[in-house]
Structure formats: structure tokens, C-alpha cells
Amino acid sequence: MDKPKVVLGVSGGIAAYKACELLRRFTESGHEVRVVPTASALHFVGAATWSALSGNPVATEVWDDVHEVPHVRIGQHADLVVVAPATADILAKAAHGLADDLLTNTLLTARCPVVFAPAMHTEMWEHPATQENVATLRRRGAVVVEPAVGRLTGVDTGKGRLPDPGEIFEVCRRVLARGAEEPDLEGRHVVVSAGGTREPLDPVRFLGNRSSGKQGYALARTAAARGARVTLVAANTALPDPAGVDVVPVGTAVELREAVLRAAADADAVVMAAAVADFRPAAYAAGKIKKKDDQEPEPIVLVRNPDILAELSAHRARPGQVVVGFAAETDDVLANGRAKLKRKGCDFLVVNEVGESKTFGAEENEAVVLGADGGETPVPHGPKEELAETVWDLVAERLG
Ligand SMILES: Cc1cc2nc3c(=O)[nH]c(=O)nc-3n(C[C@H](O)[C@H](O)[C@H](O)COP(=O)(O)O)c2cc1C
């Protein structure tokens, strides 16, 4: 099979050096990459780096190798064009169809999916001109990844940072896999919870669980690649923020409930993949609980946590909002799953078997998605992204 052909456009932002890491991810995973930097990008990283890392010639203008008409051919032959970092300037040029260098010509001739990963100062990103350009590009079918929040050039921090190159790569991989298929969650807002809650006993100890958050992150990443605006409520995870996803960190079940209900107010779908503690300690000791040599330890008294999935299902924030739950079971997996689906009142329940070394923290999963209408969709053992895609297929179908 031919290697997928990727055009990596690099424009003149300070984050251009991070595109080297993105380029490596593509080449090391069997993609043929042609890097097309702008003249400004070469102020940050030189042509020699792009050429050596990609194994291909590098040009910024339309006047090199004119007999091969590169201003047309590079775009025509691409399976994916990704511009990372995308400056305010390149977004404006692309939105208005300007074609004054090789990258802008390539963007006009490409008929494959196009991904932009903008990076700039917050003021530039929030300017109405940039926002309108982004809206235009999205309306035309481009995937524009939301910038991350964090440290910017100099002393500034805010929204405008280039997401982790590994996460941009994941978006591109999903977009490439979907090919010319329409991004079916475009215009939708989805909320995903991930990770495991921690219920504190004292300032240093907590009751927790083994959930890593990988399944929830896979759900967030795949929804973003399918065009959704994604809010990821993440409980105690140690994973890089998925590109273009709004991440809300939380600790306890009560905090998770608040964050999910707030985000769900305008959501089309809520997927509760987080492992939420059913109980929490009735009392919280303000100081560390001390060991006393002459006394047995005090028993821990537990109280119930709110049942967030049942609450979301019973009080839908919007008519037609789709609610999906997860059931991690150690035995009688399907029977327990069916009973839980009925009890909770959600639309779908993803039932999987868990154990100390099963599912938690793993890259792969195996599950059955039960539907409130009696449907059963088995998902064979495979990457957590595959299960995530099945969940979004069912959600997208339900949303119509
Ligand atoms: C040090 C420095 C850092 C810059 N960083 C950014 C940036 O992160 N994002 C951006 O949109 N523009 C940034 N600019 C401005 C762009 O380089 C400038 O708009 C340029 O014309 C973009 O050209 P291009 O879009 O053809 O690459 C920066 C400029 C300098 C000098």
C-alpha cells in the first residue's frame, strides 16, 4: 500500500519548533511528508531541518522546480494537509483564498481534509477578524483545533498555545482515517467525564480507584476529530490535554457532579466514562489522622455520593440530550449491565469487565454497548479509540 501523503504546512509562529516533533510522529508511523513552511516560518526553524527530517525538498515560494508545477501538484496529491502552527496571518489568507506563496497555493488546490492548529497570543486569537476567519474555515469543512491555554511567548499566559504535538498527531490520524466522511458531530457540544474521583479522609489520604482516564480521553479525542466542541471533565488524570478540547480538572465526586451539570446545560450528549466513587468518608479530618500505639484505628464511616448518571438521565438539560453511562463490572457483567441501564434511565450503557490488571490503565478495551431500546452492540478487543468511535456512531445516529 502507498504511504498516506501528508503536507505539513508550518507558518511563522514561535511554536514552529514543535512542528519538528509532529513531523517525526508522521514519518515514524509510515507517512510520506512534504513540509511547506512559509518564509516567516524559516526565521524560526531552517529549511535544512525540515528537509532532513522529512527526506523531501523544501520550498516556500512557487518559483522553485516550476516544471513540476508544485503550486498545484503538492495540494492535489495530498491525503491530508495540516498547518501547525497556524498563524493569524495564514488563517486570514486561507479564509480569503489568497495565494501568494507555496503553502497558500497548496491550501487552495487540496481537496483532501485540512487541519489547522492555530497558535498565537490570546488577543490575536480572540480578535473578531481571527474568529470570523476560523468560522469561515470550519464552515467550509476544515478542522480548526482550539488552541490550548498556558504559557505563551515571553511572560504572557492565556489561550493561544499550540496543543501537544502528540495530540495534534492524534487528531490528524483520526481525520485521515475518516477520509472524506463528513465530520458528523460538527456543531454539537459533547461532555465527557474521565478518570477516577478521590474522596479525601484527611489532607494526605483518600479513597480512590484505578481508573486512568484513558477511555474518557479517547472519547474526547475522537469526538473532537468528528467536529464536536468537547468539554472533558477530568478527575485526577495524568494525561496530556487532547488537542482542541476544553479540560476541566476535578477531584471529588461532588466536584465532578458540579462541573458536569454546568457543562451539560447546553450539551447535545453527555458521556460518563469517569469512575465516580459511590461513597465518601462521612467525616474529613482537618489534620493528618495519627496512629496511636495503644488504640485500634477508628472505622471509616461512609455516606452515599450523588448518583450523577441517574440525575443526568432523569433531568435532561435539553430535550433530546443523549446520556451515556459506563458500567465497570467484575462478574455477571451483562446481567448487571442490563439492570444498571434500567435503574439509571440513560440511553446507552457501555458495559465492560474490569479487574486489577484488566482494562484500568490499559490501551485496549472490550465492551458491549447496551441501548435503552434493547439494542446490543458488541465491540471486540481493540484500542480504546475503537470503542469511542462506536459510542459516537450510536450517539450521532440518535441525535439524527
Ligand atoms: C518572535 C515572533 C513570534 C511570533 N509568533 C507568532 C505566533 O505565535 N502566532 C502568530 O499568529 N504570529 C506570530 N508572529 C507574527 C508572524 O510571524 C507574522 O504575522 C508573519 O507575517 C506570519 O507569516 P506567515 O503566516 O506567512 O507565516 C510572531 C512574530 C515574531 C517576530
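Residues numbered from 1 in each chain as written. Predicted model: local features only at pLDDT ≥ 70, side-chain atom pairs only at ≥ 80, totals over all residues. Heavy atoms only, no water.

### As for the layout of surface pockets
Of the volumes computed, that of the largest pocket is approximately 970 Å³. Lining the largest pocket we find 41 residues, and of these Ala 274, Ala 275, Val 276, Asp 278 and Lys 340 sit closest to its centre. Listing elements by their share of the lining of the largest pocket, those giving two or more residues are strand 8 (189–195), helix 10 (214–225), helix 12 (308–314), strand 16 (322–329) and helix 13 (333–344). Per element, the largest residue contribution to the lining of the largest pocket is four residues, and it comes from strand 16. Looking at the lining of the largest pocket residue by residue, the classes come out as 17 nonpolar, 14 polar and ten charged. The computed volume of the second largest pocket comes to approximately 740 Å³. If you trace the second largest pocket, you find 34 residues lining it, with Val 145, Glu 146, Gly 244, Val 245 and Asp 246 closest to the centre. Only strand 5 (143–144), strand 6 (148–151), strand 7 (157–161), helix 10, strand 11 (229–235) and strand 12 (246–250) provide two or more residues apiece to the lining of the second largest pocket. (1 Å grid on protein atoms, 1.4 Å probe; cavity = no way out; pocket = protein on both sides within 12 Å on 5 of 7 lines; lining within 4 Å. Points joined across faces, edges and corners; volume = space filled by probe spheres on them. Helix = DSSP H or I, 4+ residues; strand = E, 2+ residues; numbered from the N terminus. Nonpolar A, V, L, I, M, F, W, Y, C, P; charged D, E, K, R; others polar.)

### Some thoughts on the environment of Pro 113
For Pro 113, the location among the structural elements is in the loop between helix 6 (102–109) and strand 4 (114–118). For the pair Pro 113 and Glu 181, spaced 68 residues apart in sequence, the C-alpha to C-alpha distance is 9.3 Å. Those residues in contact with Pro 113, other than ones at most four positions away along the chain, are Asp 79, Leu 80, Val 81, Val 175 and Gly 179. (Contact = heavy atoms within 4.5 Å.)

### Brief notes about the sheet that holds strand 19 (residues 376–383)
One open sheet accounts for eight strands, arranged 12-11-8-13-16-17-18-19; its pairing is mixed. Edge positions in the sheet fall to strand 12 and strand 19, since each has one partner strand and no second. Shown here is a sheet whose adjacent strand axes are inclined to one another by a mean of 15 degrees, direction ignored. On top of the sheet, helix 13 reaches strand 16, strand 17 (348–353), strand 18 (364–371) and strand 19; it is set at about 155 degrees to strand 17, its chief contact. (Pairing = 2+ DSSP bridges. Axes fitted to C-alpha atoms, helices over the stretch in contact; angles between N-to-C directions.)

### Observations regarding the sheet that holds strand 5
Ordered in space as 2-1-3-4-5, the five strands form an open sheet in which the pairing is parallel. Of all strands in the sheet, those with a lone pairing partner are strand 2 (32–37) and strand 5, marking the two edges. Pairing of strand 1 (residues 5–10) with strand 3 (residues 80–86), which is carried by four bridges, proceeds in the parallel orientation. Within strand 3, the residue paired with Val 7 across the bridge is Val 81. Docked against the sheet, helix 5 (residues 88–96) engages strand 3 and strand 4, running at close to 140 degrees with respect to strand 3.

### Here's the deal with the UniProt feature "binding site: CTP" (unreviewed entry) in the protein chain
The feature "binding site: CTP" (unreviewed entry), as annotated in UniProt, sits at Asp 278, Lys 288, Pro 306, Asp 307, Ile 308, Leu 309, Phe 326, Lys 340 and Lys 344 in this numbering. For the residues just named, distributed over 67 residues, the greatest C-alpha separation reaches 37.1 Å, placing them at more than one site. Cross-referencing the annotated residues with the lining of the largest pocket gives Asp 278, Pro 306, Asp 307, Ile 308, Leu 309, Phe 326, Lys 340 and Lys 344. Mapped onto the secondary structure, Phe 326 falls in strand 16. Among residues more than four places away in sequence, those in contact with Phe 326 are Gln 215, Leu 219, Val 271, Met 272, Ala 273, Lys 340, Leu 349, Val 350 and Leu 387. Note on placement: Lys 344 falls in helix 13. (UniProt positions renumbered as here; feature names shortened; annotations may be inferred.)

### A look at the pattern of salt bridges
Scanning the model with the defined rule gives 24 salt bridges in all. Salt-bridge contacts for Asp 307 lead to Lys 344; the nearest nitrogen and oxygen are separated by 2.6 Å. Here Asp 307 is found in the loop between strand 15 (302–304) and helix 12, whereas its partner Lys 344 is found in helix 13, with 37 residues between them in sequence. Between Glu 376 and Arg 338 there is a salt bridge, with its nearest N and O atoms 2.4 Å apart. Of this pair, Glu 376 sits in strand 19 while Arg 338 sits in helix 13, and the two are 38 residues apart along the sequence. With a relative accessible area of 42%, Arg 338 lands in the partly exposed category. Taken together, the shared-partner salt bridges in this structure form one network comprising Glu 167, Glu 170, Arg 173, Arg 221 and Glu 385. (Salt bridge = Lys/Arg side-chain N within 4 Å of Asp/Glu carboxyl O. Buried < 20%, exposed > 50% of the residue type's maximum accessible area, 1.4 Å probe, protein only.)

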